[in-house]
Each structure stands twice: as structure tokens, then as C-alpha cells.
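Listed below, chain by chain, are the residues.
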Amino acid sequence: MLAPVSVRVGFHVRPQHAAYSAMRQAWAAADSAGVDTIWTWDHFFPLHGDPDGKHFECWTLLAAMAEVTERAEIGALVTCNSYRNPHLLADMARTVDHISGGRLIFSIGAGWFERDYEEFGYEFGTPGSRLRAMEANIPIFKERMASGNPPPQRAVPLLIPGRGRKMSLRIVAEHADMWHSFGTPEEWGELNELLTEWCTKVGRDPAEIERMITPLTPEQQELLDDYADAGANHIIFGDSGPSYDLGLARELVAWRDARS
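Criteria and cut-off values
- Residues numbered from 1 in each chain as written.
- Predicted model: local features only at pLDDT ≥ 70, side-chain atom pairs only at ≥ 80, totals over all residues.
- Heavy atoms only, no water.
- Salt bridge = Lys/Arg side-chain N within 4 Å of Asp/Glu carboxyl O.
- Helix = DSSP H or I, 4+ residues; strand = E, 2+ residues; numbered from the N terminus.
- Buried < 20%, exposed > 50% of the residue type's maximum accessible area, 1.4 Å probe, protein only.
- 1 Å grid on protein atoms, 1.4 Å probe; cavity = no way out; pocket = protein on both sides within 12 Å on 5 of 7 lines; lining within 4 Å.
- Points joined across faces, edges and corners; volume = space filled by probe spheres on them.
- Nonpolar A, V, L, I, M, F, W, Y, C, P; charged D, E, K, R; others polar.
- Axes fitted to C-alpha atoms, helices over the stretch in contact; angles between N-to-C directions.
- Parallel < 35°, antiparallel > 145°, perpendicular 65-115°, else oblique.
- Left-handed = near helix turned anticlockwise from the far one by under 90°.
- Contact = heavy atoms within 4.5 Å.
- Phe/Tyr/Trp six-rings, centres within 6.5 Å; stacked < 30°, edge-to-face > 60°.
- Lys NZ or Arg CZ within 6 Å of the ring centre and 35° of its normal.
- Polar contact = N/O pair within 3.5 Å; in protein donor to acceptor, adjacent residues only side chain to side chain.
- Pairing = 2+ DSSP bridges.
- Right-handed = clockwise from strand over helix to strand, strands pointing away.

### Here's the deal with the pattern of salt bridges
As enumerated under the stated definition, the model contains 15 salt bridges in all. A salt bridge links Arg8 to Glu73; the shortest N-O distance between them is 2.5 Å. Linking Arg8 in strand 1 (residues 8-14) with Glu73 in strand 3 (residues 73-76), this pair joins segments that are 65 residues apart in sequence. Overall, the relative accessible area of 23% leaves Arg8 in the partly exposed class. Taking the shortest distance from any N to any O, the salt bridge between Arg259 and Asp225 comes out at 2.9 Å. With Arg259 in helix 10 (residues 246-259) and Asp225 in helix 9 (residues 224-229), this residue pair connects regions lying 34 residues apart in the sequence. With relative accessibility at 15%, the residue Arg259 sits in the buried group. The class for Asp225 is partly exposed, based on a relative accessible area of 39%. Through salt bridges that share partners, Arg8, Glu73, Arg154 and Glu210 make up one connected network.

### Let's talk about the layout of surface pockets
In this structure, the largest pocket spans a volume of roughly 820 Å³. Taken together, 37 residues make up the lining of the largest pocket; nearest its centre are Leu77, Val78, Trp112, Pro161 and Phe182. Broken down by secondary-structure element, the contributors of at least two residues to the lining of the largest pocket are strand 1, helix 5 (127-147), strand 5 (158-161), helix 6 (168-175), strand 6 (178-181) and strand 8 (234-240). Taken together, the residues of the lining of the largest pocket break down into 19 nonpolar, 14 polar and four charged. Considering the residues around the second largest pocket, the lining is formed by Phe106, Phe141, Lys142, Met145, Ala146, Pro152, Arg154, Ala155, Val156, Pro157, Leu158 and Asp177. If one sorts the elements of the lining of the second largest pocket by residue count, helix 5 sits on top with four residues. Counted by class, the lining of the second largest pocket contains nine nonpolar, no polar and three charged residues.

### Some words on the packing of helix 2 (residues 58-68) against helix 3 (residues 86-99)
At their nearest, the axes of helix 2 and helix 3 sit 8 Å apart, and the two run at 15 degrees to each other. One finds that helix 2 runs roughly parallel with respect to helix 3. Regarding helix 2 and helix 3, the two cross each other, and that crossing is right-handed. Between helix 2, through Trp59, Leu62, Ala63, Ala66 and Glu67, and helix 3, the contact on the second element is made entirely by Leu89, Met92, Ala93, Val96 and Ile99. When its residues are assigned to classes, the contact of helix 2 with helix 3 shows nine nonpolar, no polar and one charged.

### Brief notes about the packing of aromatic side chains
By the definition in use, this model includes 12 aromatic pairs. With a centroid separation of 4.7 Å and an interplanar angle of 40 degrees, the aromatic rings of Phe44 and Tyr83 are classed as tilted. With Phe44 in the loop between strand 2 (37-40) and helix 2 and Tyr83 in the loop between strand 3 and helix 3, this residue pair connects regions lying 39 residues apart in the sequence. No difference in accessibility class separates Phe44 from Tyr83, as the two residues are buried. For the pair Phe44 and Phe120, a centre-to-centre distance of 3.9 Å together with 15 degrees between the ring planes defines the contact as stacked. You can see Phe44 sitting in the loop between strand 2 and helix 2 and its partner Phe120 sitting in helix 4 (residues 114-120), a full 76 residues away along the chain. Looking at Phe120, the relative accessible area reads 42%, which means it is partly exposed. Members of the aromatic cluster, each reached through a chain of ring pairs, are Phe44, Phe45, Tyr83, Tyr117, Phe120, Tyr122 and Phe124. Geometry around Phe124 places Arg130 over its ring, the cationic atom sitting 4.2 Å from the centre.

### Examining helix 2
Buried residues dominate helix 2, accounting for eight of its 11 residues. Of all the positions in helix 2, only Cys58, Trp59, Leu61, Leu62, Ala64, Met65, Ala66 and Val68 are classed as buried. Looking at the buried side of helix 2, the elements it contacts are helix 1 (20-33), strand 2, strand 3, helix 3 and strand 4 (104-107). Sitting at the amino-terminal end of helix 2 is Glu57, which places a side-chain oxygen 3.0 Å from the backbone nitrogen of Trp59.

### Things to note about the pairing of strand 5
Here strand 4 pairs with strand 5 via two bridges, running parallel. From the neighbouring strand, Ser107 faces strand 5, where its bridge partner is Leu159. Handedness of the crossover joining strand 5 and strand 6 through helix 6 is recorded here as right-handed.

As C-alpha cells, this is what we get:
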């Protein structure tokens, strides 16, 4: 009988409808609970509930998260390429990496939430134009981050999300250390297999890419073993304010430890 695949777990503290104090408390509690990773997101308005509810900016929160936590890796699911100059973003990431003591995961995505673009004055473009802009900026991020003084404390992992079969997964295969997506175990598993195929096409070892999933419904959250069997080696639960259910984080940690 094959041994269970080693899986990491994370907690997504979604920065909507909550006071900063509640998020700070959730970060510290998740870190103490033993999760491997803690996350925020990069939007300017809530995605669920009251569209004009409380909300905070991503990278400012990441700097604070870096100070509040001690052991978990931290990052955004995911940073939007469109919102910041790539040189500036890379230097922000290098700085947060140092604040965290080398625990940052650097993420980049093409963007999709039109309200963010409209209200903050960014050109929305098309899915294709946003993906091409993101891909063009990836070498800039890497070069700028490496050229800073002092350099990052480690080779900062690059997380890229994606579901697009022709372009997104190809970019992931070529550049990413970590990949994130959504779906049922069957849907996610099919995308995971396609990513492996893209790795073969571009000459990349598929084992170099950590495969991540966020189960979005209570029903999906009951299928952790199915996701792991489909190839997921990093599973993330999330919650929104005004308070955060840390029982979700503890449930994930207990499941992870039972598999080891």
C-alpha cells in the first residue's frame, strides 16, 4: 500500500467585512494552530456580501502579517499584475520577505474583478491582454527582486494561478513554483493533469510545481482525501469577517497530521 502523499495546509484570511484587529488576531491564531501558510487577497472591495463593506489593501496587510506571525509562510491569493508597477511590486515583495524572515510566497495573477479596475482607474482590457501583460512582467519581477540590496532571504517561491488550458497553464508550467485553482476533485484533477502535460511540452519537471486547491463549499471541504488523491499537495480553507472561524484551520491541521 502506498504511503499518503505529504500535503501542506493553509488558511485564507479574506480581508473583507472585518476590522484590522480581527484579521490580526486570526493571523496569529492560525500561525499558532500550525498551518503551513496564511493568505490574504488582492482586491479593493469585498467579493461577497455587502459590496461596500469593510476592506483593506493587500500588500500593506502582508507587511503587518509578516510581523504578527512567526512560522507560517505568507502570501496573497493572488497579487494582481495590473495594480502596481512591476519594479515597485518586486521591491515591495523583497521588503516583505525580509520583514517575515524569509517566509514570503510571491504570487502574481492576471486580474479579473472589473470593479477594482474601474474605480481605481486601471485599464481592464481583455483576459488575453491581461495574461500577456502578466507574462511579460514575470522576468522583470525576478530581475528586480534579485538585484535589490539586500537581496531576498531565499529564492522566493513564485505562485501563479490559472484555469485556462491554452495560455494560463502554459505560463504556470514555464514559470511557477506553485499553482492554485478551484473546482471539484474531478475538475481540479483534470486541470492538474493538463498542467503536467504542459510541463512535458515545455521541458519542465512536473514535480517542481506545488499543486494547490481551495475547496469553496462545505461539501468540497469534506473531500480532502479526494483532492489529495487527485494530486493536490497544498489545501487551503478560507473565511471572511467580521470574525474568522479558526476551527477550519484546526480541522485542516488535524487532517494533515493524521495523514503523515
